[in-house]
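Examining the three-dimensional arrangement
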Amino acid sequence: MIREADKNDLKEILELYLYLHETTIPEDSEHLRATWENIICDENHHLIVCETDGKIVASCVCVIIPNLTRNVKPYAFIENVVTHKDYRKKGYATACLNYAKQVAEANNCYKMMLLTGSKEKETLDFYRNTGYNSSDKTAFIQWID
């Protein structure tokens, strides 16, 4: 089942992020709970999950960004695409990305963007196979400490 996360999903999502790039789960704190509340309550922030057998096994984030160009149409930014290692190659991440596309279309977005830190051919081919290309734009990142 593909759905948007609800307030009870925080623990499972944090555990899933260990298969992304996190090495630990953040300690429970007021800051963590406030951030989670902001995410869940933000109508432009869509944390999409794939649940199978009662467990969250894949996820992505789709943020709708208001915009003054392109006839004042927003765009969508995709981040934190992840699948639990035991559930890969079953179409769960693709289903999350397809749901994100539906969210973007429902919000009249003119484009979707996604960044990945992976250089692995398999990962890049996955994104290409889900409709993304790496030829239209060049991404630059400046990390802030």
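Given the structure is predicted, the values throughout are model-derived calculations rather than measurements.

This part covers the overall build of the chain. Each helix and strand counted, the chain has four helices and five strands in total. Along its sequence from the N terminus, the chain presents helices and strands in the succession β-α-α-β-β-β-α-β-α. Against the compact-globule benchmark of 15 Å for 145 residues, the chain has a radius of gyration of 15 Å, which places it among compact chains. By its C-alpha atoms, the chain is 40 × 35 × 35 Å across when sized along the principal axes.

A word on the packing of aromatic side chains. Considering all chains together, one arrives at three aromatic pairs under this definition. Seen from their ring centres, Y75 and Y110 are 6.5 Å apart, and the 75 degrees between their planes marks the pair as edge-to-face. Linking Y75 in strand β4 (residues 75-83) with Y110 in the loop between α3 (92-106) and β5 (112-114), this pair joins segments that are 35 residues apart in sequence. Taking the ring centre of Y75 as reference, the NZ or CZ of K111 above it sits at 5.4 Å.

Pairing is mixed in the open sheet, where five strands are placed in the order β1-β2-β3-β4-β5. Each edge of the open sheet carries a strand with a single partner, namely β1 (2-4) and β5. Neighbour to neighbour, the strand axes of the sheet diverge by 30 degrees on average, direction disregarded. Where β4 meets β5, three bridges bridge the pair, whose relative direction is parallel.

On to helix α2 (residues 30-41), then. End to end, α2 covers 16 Å across 12 residues, agreeing with the expected 16 Å (1.5 Å per residue, within 8%). All buried positions along α2 are accounted for by L32, W36 and I39. Projection of α2 onto a plane perpendicular to its axis shows the buried side chains occupying an angular sector of 60 degrees, all on one side. Opposite the buried face of α2, at more than 90 degrees from it, the exposed residues are E30, H31, N38 and C41.

The subject of this paragraph is the environment of N107. Inspection of the secondary structure puts N107 in the loop between α3 and β5. Sequence separation of N107 and A76 is 31 residues, and the distance between their C-alpha atoms is 8.9 Å. When residues no more than four places from it in sequence are discounted, the contact partners of N107 are H46, I64 and P74. Side-chain polar atoms of N107 contact the backbone oxygen of V103, separated by 2.8 Å.

Glancing now at the nonpolar core. C60, C62, I78, V81, L97 and L114 are the most contacted members of the largest nonpolar core, which has 20 residues in total. Listed by contribution, the elements that provide at least two residues to this core are β2 (45-52), β3 (55-65), β4 and α3. Apart from residues lying up to four places away in sequence, L97 is in contact with C60, I78, V81, L114, F126, Y127, T130 and Y132. If you look at the next biggest cluster of nonpolar residues, it comprises 14 residues, including I13, L16, I39 and V49.

For β2, the tally of buried residues reaches eight of eight residues, placing the bulk of the element in the interior. Of the two faces of β2, the one lined by H45, L47, V49 and E51 and the one lined by H46, I48, C50 and T52 are each fully buried. Note that β1 and β2 share three bridges and pair antiparallel. Bridging from a neighbouring strand, E4 pairs with I48 of β2. Here β2 pairs with β3 via eight bridges, running antiparallel. Bridge pairing in β3 places V49 opposite S59. Between the end of β2 and the start of β3, which pair antiparallel, lie two residues, with D53 showing a positive phi angle near 55 degrees.

Rules used in this analysis
- Residues numbered from 1 in each chain as written.
- Predicted model: local features only at pLDDT ≥ 70, side-chain atom pairs only at ≥ 80, totals over all residues.
- Heavy atoms only, no water.
- Helix = DSSP H or I, 4+ residues; strand = E, 2+ residues; numbered from the N terminus.
- Rg over C-alpha atoms; globule rule 2.2 N^0.38 Å.
- Phe/Tyr/Trp six-rings, centres within 6.5 Å; stacked < 30°, edge-to-face > 60°.
- Lys NZ or Arg CZ within 6 Å of the ring centre and 35° of its normal.
- Pairing = 2+ DSSP bridges.
- Axes fitted to C-alpha atoms, helices over the stretch in contact; angles between N-to-C directions.
- Expected span 1.5 Å × (residues − 1).
- Buried < 20%, exposed > 50% of the residue type's maximum accessible area, 1.4 Å probe, protein only.
- Arc of directions from axis to C-beta.
- Contact = heavy atoms within 4.5 Å.
- Polar contact = N/O pair within 3.5 Å; in protein donor to acceptor, adjacent residues only side chain to side chain.
- Core = buried A, V, L, I, M, F, W, Y, C linked by side-chain atoms within 4.5 Å.

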